[in-house]
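Listed below, chain by chain, are the residues.
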Amino acid sequence: EDQVTQSPEALRLQEGESSSLNCSYTVSGLRGLFWYRQDPGKGPEFLFTLYSAGEEKEKERLKATLTKKESFLHITAPKPEDSATYLCAVQRSSGTYKYIFGTGTRLKVLA
Amino acid sequence: GAVVSQHPSWVICKSGTSVKIECRSLDFQATTMFWYRQFPKQSLMLMATSNEGSKATYEQGVEKDKFLINHASLTLSTLTVTSAHPEDSSFYICSASSSGRGDTQYFGPGTRLTVL
């Protein structure tokens, strides 16, 4: 059965304290893995798409990496404005193009 | 690029009435649109997938007659909640994707529905 698990569920960091969020997945053929950021009361904001193991993408303080079993979202020197829920989703290589979402990691960065 | 809008952003209605929510892709043609529902502090729950000009594919447990989806063009999909009840109160989010953008889904800002 396809499954996506994110850890930790919640994370509190001090400003400047780097850390990583994990997204473990089990899927019968990966088409893509997607990271989103969601602020309260808003729709998810697209961050990254990763297609193959070994791929890395960066945007400002965020860096996403992918292996055959998991993805990491590294946050370097976070700021309070990075506080949000980070969602991971995978898309199968066959069948429909729908996402399988993880439950998210709620990040709080303290000033 | 890849902007998706939703209208309205919030709506309050009386029990038994119907509510229509619009989802538009503003700067790209969306071959596929998705409708999600999100409960507080939970992840997104897919309700249905729609392709332009075709009938929507509903997820198991989602009532087709209650949540009517129309994908009339490559830039517009609508979700109509018929005979709304308080338990339909939720945050509804649409997303749009196209093969030209690697099938990445771009999400709208969401619509908060409250049924009294």
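So, here's what we can say about the structure.

Calculation notes
- Residues numbered from 1 in each chain as written.
- Chains lettered and ligands numbered in written order.
- Predicted model: local features only at pLDDT ≥ 70, side-chain atom pairs only at ≥ 80, totals over all residues.
- Heavy atoms only, no water.
- Contact = heavy atoms within 4.5 Å.
- Buried area = accessible area lost by both parts, 1.4 Å probe.
- Salt bridge = Lys/Arg side-chain N within 4 Å of Asp/Glu carboxyl O.
- Core = buried A, V, L, I, M, F, W, Y, C linked by side-chain atoms within 4.5 Å.
- Buried < 20%, exposed > 50% of the residue type's maximum accessible area, 1.4 Å probe, protein only.
- Helix = DSSP H or I, 4+ residues; strand = E, 2+ residues; numbered from the N terminus.
- Pairing = 2+ DSSP bridges.
- Axes fitted to C-alpha atoms, helices over the stretch in contact; angles between N-to-C directions.
- 1 Å grid on protein atoms, 1.4 Å probe; cavity = no way out; pocket = protein on both sides within 12 Å on 5 of 7 lines; lining within 4 Å.
- Points joined across faces, edges and corners; volume = space filled by probe spheres on them.
- Nonpolar A, V, L, I, M, F, W, Y, C, P; charged D, E, K, R; others polar.
- Patch = residues over 30% accessible without salt bridge, like charges linked within 9 Å, V, L, I, M, F, W, Y side chains within 5 Å.
- Areas by Shrake-Rupley, 256 points an atom, 1.4 Å probe, with all protein chains shown as cover.
- Disulfide = S-S within 2.5 Å.
- Phe/Tyr/Trp six-rings, centres within 6.5 Å; stacked < 30°, edge-to-face > 60°.

Right, let's get into the interface of chain A and chain B. The interface of chain A with chain B comprises 19 residues on the first partner and 17 residues on the second. Summing both sides of the interface, chain A and chain B together bury roughly 1,500 Å²; the carbon and sulfur share of this comes to 54%. Together, A:P44, A:K98 and A:F101 form the three largest contributors to the area buried by chain A at its contact with chain B, with a combined 29%. Where chain A touches chain B, the interface holds 2 salt bridges.

A separate point is the nonpolar core. As a rule of thumb, nonpolar side chains are buried together in soluble globular proteins. Judged by nonpolar contacts, the single largest core of 27 residues is most densely connected at B:F67, B:L79 and B:L113. If you list the elements that add at least two residues to this core, you get strand 2 (10-13), strand 3 (19-25), strand 4 (32-38), strand 5 (44-51), strand 7 (67-73), strand 8 (76-81), strand 9 (90-97) and strand 11 (111-115) of chain B. Excluding residues within four positions of it along the chain, B:L79 makes contact with B:V19, B:K20, B:I21, B:W35, B:F67, B:L68, B:I69 and B:Y92. Ranked by size, the runner-up nonpolar core spans 23 residues in total, among them A:Y25, A:L47, A:L107 and A:V109.

Below, the discussion takes up the sheet that holds strand 8 (residues 70-75) of chain A. Residue and element names in this part refer to chain A. One open sheet accounts for 5 strands, arranged 1-3-8-7-6; its pairing is antiparallel. The sheet is open, and its two borders are formed by strand 1 (3-7) and strand 6 (56-59), each paired with just one other strand. The sheet shows a mean angle of 15° between the axes of neighbouring strands, taken without regard to direction. Direction of pairing for strand 7 (residues 62-66) relative to strand 8: antiparallel, over a ladder of 5 bridges. Within the sheet, the bridge partner assigned to K63 lies in strand 8 and is H74.

Quantified by volume, the largest pocket comes out at close to 490 Å³. Here the residues of the lining of the largest pocket are counted per class, giving 7 nonpolar, 8 polar and 7 charged.

On to the pairing of strand 6 of chain A. Here strand 6 of chain A pairs with strand 7 of chain A via 4 bridges, running antiparallel. Paired with A:E56 across the two strands is A:T65, which belongs to strand 7 of chain A.

Right, let's talk about a nonpolar patch on the surface for a bit. Residues B:W10, B:I12 and B:L116 make up a contiguous nonpolar surface patch of roughly 390 Å² in combined accessible area. Tracing the backbone through its elements, the reader meets B:L116 in the segment after strand 11.

This part is about the state of the cysteines. Under the criterion given, the structure shown has 2 disulfides over all chains. A sulfur-sulfur distance of 1.9 Å marks the disulfide that ties A:C23 to A:C88. In this structure the cystine formed by A:C23 and A:C88 twists about its S-S bond by roughly -60°; its chirality is therefore left-handed. Linking A:C23 in strand 3 (residues 19-26) with A:C88 in strand 9 (residues 84-92), this pair joins segments that are 65 residues apart in sequence. Of the two residues examined, A:C23 and A:C88, each falls in the buried class. Unpaired in this structure, B:C13 has its nearest cysteine sulfur neighbour in B:C94, at a distance of 18 Å.

Per the counting criterion, the structure on display carries 11 aromatic pairs over all chains. Ring centres of A:Y36 and A:Y99 lie 6.0 Å apart, and the angle between their planes is 50°; on these two criteria the pair is classed as tilted. Of this pair, A:Y36 sits in strand 4 (residues 30-38) while A:Y99 sits in strand 10 (residues 99-101), and the two are 63 residues apart along the sequence. The pair formed by A:Y36 and A:Y99 is uniform in burial state, with each residue classed as buried. Taken together, a centroid distance of 5.6 Å and an interplanar angle of 70° make the contact between A:Y99 and A:F101 edge-to-face. We note that A:Y99, like A:F101, is buried. These aromatic residues form a ring-pair network of at least three members: A:F34, A:Y36, A:F46, A:Y99, A:F101, B:F28, B:Y36, B:Y106 and B:F107.

Shape is all these values report; function is a separate question.
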